[in-house]
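Survey of secondary and tertiary structure
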Amino acid sequence: MRKSASARRTTKGLTRPELAVLLAYSKLDLKDELIASALPDDPHFEFELASYFPDMMVQKSAARWKTIACAAKSSPTCSPTES
């Protein structure tokens, strides 16, 4: 016999789809908080940012690396050749 969704929720916690939605919103909120902080401009994290991209891409755009507007302010799908 199958239990209703509310009965399952009281005994097992959240369902996988509910957890997925919660995680997605948590990640979006964390991204917004990080971008609003001084962390993206911290020189300590330049290596971390560069390591996210392929080496060839970083080498070709090394001169422009610090002027990339999308590196910390845009979507994570933004490439370092955009400005």
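Here the residue index of a chain counts from 1 through its sequence in written order. Local features are withheld for residues below a pLDDT of 70 in this predicted model, meaning they are given only at 70 or higher, and side-chain atom pairs are given and counted only at 80 or more; totals for whole chains, interfaces and linings count all residues. The basis for every side-chain value is the complete set of heavy atoms in the structure, and neither hydrogens nor water enter the calculation.

A few words now on the overall build of the protein chain. To qualify as a helix, a DSSP run of H or I must reach at least 4 residues; to qualify as a strand, a run of E must reach at least 2; elements of each kind are numbered from the N terminus. Looking only at helices and strands, one finds 5 helices and 0 strands in the protein chain. Walking the protein chain from its N terminus toward its C terminus, one meets helices and strands in the order α-α-α-α-α. Across the 83 residues that make up the protein chain, the buried fraction comes to 12%. Each accessible area is a Shrake-Rupley estimate made with a 1.4 Å probe; only the visible protein chains count as cover when residues are assessed. Per element, the accessible surface of the protein chain, about 7100 Å² overall, is 61% carbon and sulfur. Think of it in three bands: with a 1.4 Å probe and only protein chains considered, a residue is buried below 20% of the maximum accessible area for its type, exposed above 50%, and partly exposed in between.

Patches in this entry comprise residues that are over 30% relatively accessible and not in a salt bridge; like charges within 9 Å are linked, as are nonpolar side chains (Val, Leu, Ile, Met, Phe, Trp, Tyr) within 5 Å. Put simply, a salt bridge is a Lys or Arg side-chain nitrogen that is within 4 Å of an Asp or Glu carboxyl oxygen. Together, Leu-30, Leu-34, Leu-39 and Phe-45 line one region of the surface with nonpolar side chains, adding up to about 320 Å² of accessible area. Within the fold, Leu-39 resides in the loop between helix H2 (16-36) and helix H3 (46-52). Assessed through its relative accessible area of 35%, Leu-39 is described here as partly exposed.

Here the focus is the packing of aromatic side chains. Ring pairs are drawn from Phe, Tyr and Trp, using the six-membered ring of Trp, whenever the two centres fall within 6.5 Å, and their geometry is named by plane angle: stacked under 30 degrees, edge-to-face over 60, tilted for the rest. Scanning all chains against the criterion turns up 1 aromatic pair. Both rings, one in Tyr-52 and one in Phe-53, keep their centres 5.1 Å apart while their planes meet at 85 degrees; by these two values the pair is edge-to-face. Overall, Tyr-52 belongs to the exposed group, its relative accessible area being 56%. For Phe-53, a relative accessible area of 13% translates into the label buried.

Before going further, it helps to examine the confidence of the model for the protein chain. When pLDDT is averaged across the protein chain, the result is 75; 63% of the residues are at 70 or more. Under a pLDDT of 50 for its full length, residues 79-83 has, in the predicted model, 13 contacts with residues more than four places off or in other chains. The predictor reports its confidence for every residue as pLDDT, a score running from 0 up to 100. For this analysis, residues touch if any pair of their heavy atoms sits within 4.5 Å.

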